[in-house]
Amino acid sequence: MWKATVAAAFVLLAAIHAPALAAEGAPLDEIRERLQNANRWRDHVMVVAHRGGGLEGDRSNYPENSIAAVLNSIDLGVEMVELDIQKSSDGEFVVFHDSWLDRSSTCEGELARRTLAELKECRLVVAGTGASTDEPIPTLRELLDVTKDRIFVNIDNKLDIEALPDIVAVARGMGMADQIVIKRNLWSPEKIAEMTRLLERTGSGAIFMPIIADDAVRDPEFLEAATRAFSADAVELIAWHKGGEPMTSDGGPLFGAKARAVAARGDWHLWVNTYAIVNKPAGMLSGGRGDQLATVASMPGEAYGFWVDRGATIIQTDQPKAAIEWLEANGFRVPYAGESVPVAAMAASN
């Protein structure tokens, strides 16, 4: 089954995007060094492919959360992919965003009511087009096998928080607990204490990243407390934006001078999300300055550039290709071993 799944993914990849297997991306140890040493690498912006990647401009080339999308993201040079975790009725972790199967697969109904064998009969579809592919819904193990020793995985747990220890156990059993990032929204000392207790049960290895949103936290002192409690390498910072309001002009309190000073003291990355939320205003997580501004409006400097200017050194995006191209062209990507310096970046530095 596994060999057939991989073969189908490679056929899809070759047919839609022939160059996708030409490169292996950056060495994992080098990515880890940059993740763990934010202050040393403030001139390099890391890129995370949301839902495994797959978008390019206004077109979806691959199904979200698919092996094909992840392989393409690795080829593009992303440092991390985000994967959404659900569970089958017989207890297997699978990678799928929605709790219902209808939008992203050829099946219908609630995912949690299906066994793994039943889910393997479903085929992933390409968002926006509805085109079905040969790839079934992948398990967490299958996708971790693709990313192992190549890039990091950002786990978006769609289940109860109590599932986190078991999710980490899957990665630990594959010898890659330290290749996944788990996360939780924190806004109070009580939430910090609760997460501390859960991590004690989870065991060592996995990287924990706080999520902090500016509708609940506006005090940089809490940022310092939360990051110190977990020796965080990065913090996912949410700059909420309501529809109809102007785009943020300063990034909000979590990207202000005080917050950046806290990040420098703690040696952690400021992480911004520029991806879109389905049926929500553009740039909802990034002060109105998201992927649509960069690609649809052709103003990447007002999106990616704006957040880089406010200290962001990790961008999670639906548009990894566009983000990497802009960052490289403007000198915000330092080549990894074996990579060449893009001509545009060389020109920009001269």
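Keep in mind that what you see is a predicted model, and the values were worked out from it rather than measured.

What counts, and where the lines are drawn
- Residues numbered from 1 in each chain as written.
- Predicted model: local features only at pLDDT ≥ 70, side-chain atom pairs only at ≥ 80, totals over all residues.
- Heavy atoms only, no water.
- Helix = DSSP H or I, 4+ residues; strand = E, 2+ residues; numbered from the N terminus.
- Buried < 20%, exposed > 50% of the residue type's maximum accessible area, 1.4 Å probe, protein only.
- Contact = heavy atoms within 4.5 Å.
- Areas by Shrake-Rupley, 256 points an atom, 1.4 Å probe, with all protein chains shown as cover.
- Axes fitted to C-alpha atoms, helices over the stretch in contact; angles between N-to-C directions.
- Parallel < 35°, antiparallel > 145°, perpendicular 65-115°, else oblique.
- Left-handed = near helix turned anticlockwise from the far one by under 90°.
- Nonpolar A, V, L, I, M, F, W, Y, C, P; charged D, E, K, R; others polar.
- Disulfide = S-S within 2.5 Å.
- Expected span 1.5 Å × (residues − 1).
- Arc of directions from axis to C-beta.
- Phe/Tyr/Trp six-rings, centres within 6.5 Å; stacked < 30°, edge-to-face > 60°.
- Lys NZ or Arg CZ within 6 Å of the ring centre and 35° of its normal.
- Core = buried A, V, L, I, M, F, W, Y, C linked by side-chain atoms within 4.5 Å.
- pLDDT = per-residue confidence, 0-100.
- Pairing = 2+ DSSP bridges.

Caption draft 1: Local environment of the overall build of the protein chain. For the protein chain, the helix and strand inventory stands at 13 helices and 13 strands. Relative to its 350 residues, the protein chain shows a buried fraction of 55%. Expressed as a percentage of contacts within the protein chain between residues at least 6 apart in sequence, the contacts between residues at least 24 apart total 69%. About 14600 Å² of surface is accessible on the protein chain, with carbon and sulfur atoms providing 52% of the total.

Caption draft 2: Quick peek at the packing of helix α5 (residues 140-147) against helix α6 (residues 164-173). Packing of α5 against α6 leaves a shortest axis separation of 10 Å and a crossing angle of 45°. Our classification of the angle between α5 and α6 gives oblique. With respect to the hand of their crossing, α5 and α6 are arranged in right-handed fashion. Each of L140, R141 and L144 in α5 lies in contact with α6, whose residues at this interface are I167, V170 and A171. Here the contact of α5 with α6 is composed, by residue class, of 5 nonpolar, no polar and 1 charged.

Caption draft 3: Looking closely at the state of the cysteines. All told, the structure shown has 1 disulfide when counted by the stated rule. Put simply, C107 and C122 are joined by a disulfide, and their sulfur atoms are 2.1 Å apart. Given an S-S torsion of about -105°, the disulfide between C107 and C122 has left-handed geometry. Remark: C122 occurs in the loop between α4 (116-119) and β6 (123-125) and C107 occurs in the loop between β5 (93-95) and α4; sequence separation between them is 15 residues. Across the pair, C122 and C107 agree in class, each one buried.

Caption draft 4: Layout of α6. Looking at α6, one finds that the buried residues are L164, P165, I167, V168, V170 and A171. Buried residues along α6 sit against β4 (80-87), β5, α5, β8 (152-157), β9 (180-185) and α7 (189-202). In the segment just after α6, G175 is the residue with positive phi, at about 70°.

Caption draft 5: The arrangement of unusual backbone geometry in detail. Look at N279: it is not a glycine, yet its phi comes out positive at around 65°. Among the structural elements, N279 can be located in the loop between β12 (269-273) and α10 (291-295). Positioned with a positive phi, S298 is a non-glycine residue whose angle comes to about 55°. Under the relative-accessibility criterion, S298 is labelled exposed at 57%.

Caption draft 6: α7, seen in detail. Compared with the 20 Å implied by 1.5 Å per residue over 14 residues, the 20 Å span of α7 between its first and last C-alpha is a close match. Residues of α7 that are buried include every one of K191, I192, M195, L198 and T202, and no others. With its buried residues spanning 130° around the axis, α7 presents them on a single face. For α7, the exposed residues lying more than 90 degrees away from the buried face are P189, E190 and E200. Where α7 terminates, the next one or two residues include G203, which has phi positive at roughly 90°.

Caption draft 7: Quick look at the packing of aromatic side chains. Under the counting rule described, the total for this entry stands at 4 aromatic pairs. Ring geometry for W326 against F332: centres 5.9 Å apart, planes inclined by 15°, an arrangement best described as stacked. Cation over ring: R34 sits above Y336, and NZ or CZ is 3.8 Å from the ring centre. Against the face of F306 rests R310, its NZ or CZ located 3.7 Å from the ring centre.

Caption draft 8: Structural detail: the nonpolar core. Within the largest apolar cluster, 80 residues are counted, with the highest numbers of intra-cluster contacts made by L140, L144, I180, I212, L223 and L237. In contact with L140, other than residues within four places in its own chain, are I85, F93, V94, V95, I155, I167 and V170.

Caption draft 9: Summary view of the confidence of the model for the protein chain. Averaged over all residues, the pLDDT of the protein chain is 91; the fraction at 70 or higher stands at 89%. Across residues 1-23 the pLDDT falls below 50, and counting only partners more than four positions away or on other chains, this stretch makes 35 contacts in the model. In this model, residues 346-350 is a region of pLDDT below 50 whose contacts with residues beyond four sequence positions or in other chains number 2 contacts.

Caption draft 10: Representation of the pairing of β4 in the model. The buried count for β4 comes to 7 of 8 residues, which makes it a mostly enclosed element. With 2 bridges joining them, strand β1 (residues 46-49) and β4 adopt parallel strand pairing. Its bridge partner lying in β4, A49 is registered against V81. As paired strands, β4 and β8 are joined by 6 bridges and run parallel to one another. If you follow I85 over to β8, its bridge partner there is N157. Taken together, the 3 bridges between β4 and β5 define a ladder with antiparallel strand orientation. The residue of β5 that forms the bridge with I85 is V95. The antiparallel pairing of β4 with β5 creates a hairpin that spans 5 residues between the two strands, and G91 there sits at a positive phi of about 90°.

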